[in-house]
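Architecture at a glance
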Amino acid sequence: PLVNVSWYTAKSLIRILKKITGENFNLPTEAEWEFAARGGNKSENYSFSGSDDLDDVAWYAENSDFELQEVASKEPNELGLYDMSGLIGEWCSDWYDEDYYDNSPKNNPRGPKKGDTKVIRGGSISLEDECGVCWSGDHVPYGEHEKIGFRLFLKFVNDKIWQK
């Protein structure tokens with residue numbers, strides 16, 4: 001996985017990719033990330049992305065020796081997405097606010113308008129506690145970290161993602 005990329009660098013790389021391809025790539029919102037990690041409309045309500053057994057779907061402290069592993073070497077989730085639990089933390093587009101979801105819109109929330117840190121989802125190779133599909137953390141957007149990277153989302157018209 002691509003790591004040691006700040007949120008700002010990830011956004012710059014995405015802008016370049018959009019220019020080259022003409023596609024509508026972006027970082028996912030926190031809500032989009034969680035919807036995809038849970039398996040979208042095909043969700044079987046697992047604790048981790050694709051299983052209730054973390055070893056089936058994730059690299060984390062106990063099975064990785066804290067070393068990055070090959071992408072897609074564990075089982076995918078219901079949507080065929082790999083490594084959404086464990087391996088690396090992934091930037092989301094949202095500003096972080098631990099209380100945001102207490103009063104957010106129920107349908108496709110877009111996150112707070114401002115903040116000091118950006119949302120990280122997915123956990124990493126460090127801790128089992130961070131690998132669940134509902135875990136959310138944060139990091140400064142200008143900061144690089146050896147266990148944080150990003151996943152591209154392709155946005156569709158009217159945000160109708162994962163409909164198939």
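Described below are features of the structure shown in this document. In this text, all values refer to a predicted model and were calculated from it rather than measured experimentally.

1. Here we look at the overall build of the chain
Secondary structure assignment for the chain yields 4 helices and 6 strands. In the chain, the succession of α and β elements from N to C terminus is α-β-α-α-α-β-β-β-β-β. On C-alpha atoms alone, the chain measures out to a radius of gyration of 15 Å, which is about the 15 Å that the 2.2 N^0.38 rule sets for 164 residues. The C-alpha extent of the chain, read off along each of the three principal axes, is 35 × 35 × 35 Å. Within the span of the chain, comprising 164 residues, buried residues form 48% of the whole. Nonlocal contacts in the chain, meaning residues at least 24 apart in sequence, comprise 69% of its contacts between residues at least 6 apart. Summed over all atoms, the accessible surface of the chain reaches about 9,000 Å², with 48% contributed by carbon and sulfur. Of the charged side chains in the chain, 18 are positive and 30 negative; the average position of the first set lies 13 Å away from that of the second.

2. Comments concerning a nonpolar patch on the surface
Residues Leu2, Leu13, Ile16 and Ile20 make up a contiguous nonpolar surface patch of about 400 Å² in total accessible area. Inspection of the secondary structure assignment puts Leu2 in the segment before helix 1 (7-21).

3. Focus: unusual backbone geometry
The phi dihedral of Phe66 falls on the positive side, at around 60°, and the residue is not glycine. One can find Phe66 in the loop between helix 4 (61-64) and strand 2 (89-95). One non-glycine residue, Asn108, lies in the positive phi region at around 55°. Mapping Asn108 onto the fold places it in the loop between strand 2 and strand 3 (118-121).

4. A look at the sheet that holds strand 5 (residues 148-149)
Pairing is mixed across the open sheet formed by 4 strands, whose spatial order is 4-3-2-5. Edge positions in the open sheet fall to strand 4 (136-139) and strand 5, since each of these has one partner strand only. Here helix 1 sits on the sheet in contact with strand 2 and strand 3, set at roughly 85° to strand 2.

5. Regarding the pattern of salt bridges
Tallied over the full model, the rule gives 5 salt bridges. Between Arg110 and Glu32 there is a salt bridge, with the nearest N and O atoms lying 3.4 Å from each other. Here Arg110 is found in the loop between strand 2 and strand 3, whereas its partner Glu32 is found in helix 2 (residues 30-37), with 78 residues between them in sequence. A relative accessible area of 39% places Arg110 in the partly exposed class. On the basis of relative accessibility, which here comes to 3%, the residue Glu32 falls in the buried class. For Arg121, the salt bridge goes to Glu34, with nearest N and O atoms at 2.8 Å.

About the thresholds
Every chain is numbered on its own, with residues counted from 1 as its sequence reads. Thresholds applied to this predicted model are a pLDDT of at least 70 for local features of residues and 80 or more for the giving and counting of side-chain atom pairs; totals over whole chains, interfaces and linings are not thresholded and use all residues. Derived side-chain values reflect all non-hydrogen atoms in the structure, with water molecules and hydrogen atoms excluded from consideration. Secondary structure elements are defined from DSSP: runs of H or I of at least 4 residues count as helices, runs of E of at least 2 residues count as strands, and each element is numbered from the N terminus. For this measure, only C-alpha atoms enter the radius of gyration; the expected value for a globule follows 2.2 Å times N^0.38, where N is the number of residues. Here's how the labels work: a residue is buried when its accessible area is under 20% of the maximum for its type, exposed when over 50%, partly exposed in between, all with a 1.4 Å probe on protein chains only. Whether two residues touch is decided by their heavy atoms; if any such pair falls within 4.5 Å, the residues are in contact. The method behind every accessible area is Shrake-Rupley, applied with a 1.4 Å probe, and residues are considered shielded solely by the protein chains displayed. Positive charge is attributed to Lys and Arg, negative charge to Asp and Glu, and no charge count is given to His or to the chain ends. Every charge is mapped onto a representative atom, which is NZ of Lys, CZ of Arg, CG of Asp or CD of Glu. The residues that make up patches have over 30% relative accessible area and no salt bridge, and they are joined within 9 Å when like-charged or within 5 Å when they are Val, Leu, Ile, Met, Phe, Trp or Tyr. Here, a salt bridge means any Lys or Arg side-chain nitrogen found within 4 Å of an Asp or Glu carboxyl oxygen. At least two bridges found by DSSP between two strands is the condition for calling them paired. Think of each axis as a best-fit line through the C-alpha atoms, taken over the contacting stretch in the case of a helix, with angles from 0 to 180 degrees between the N-to-C directions.

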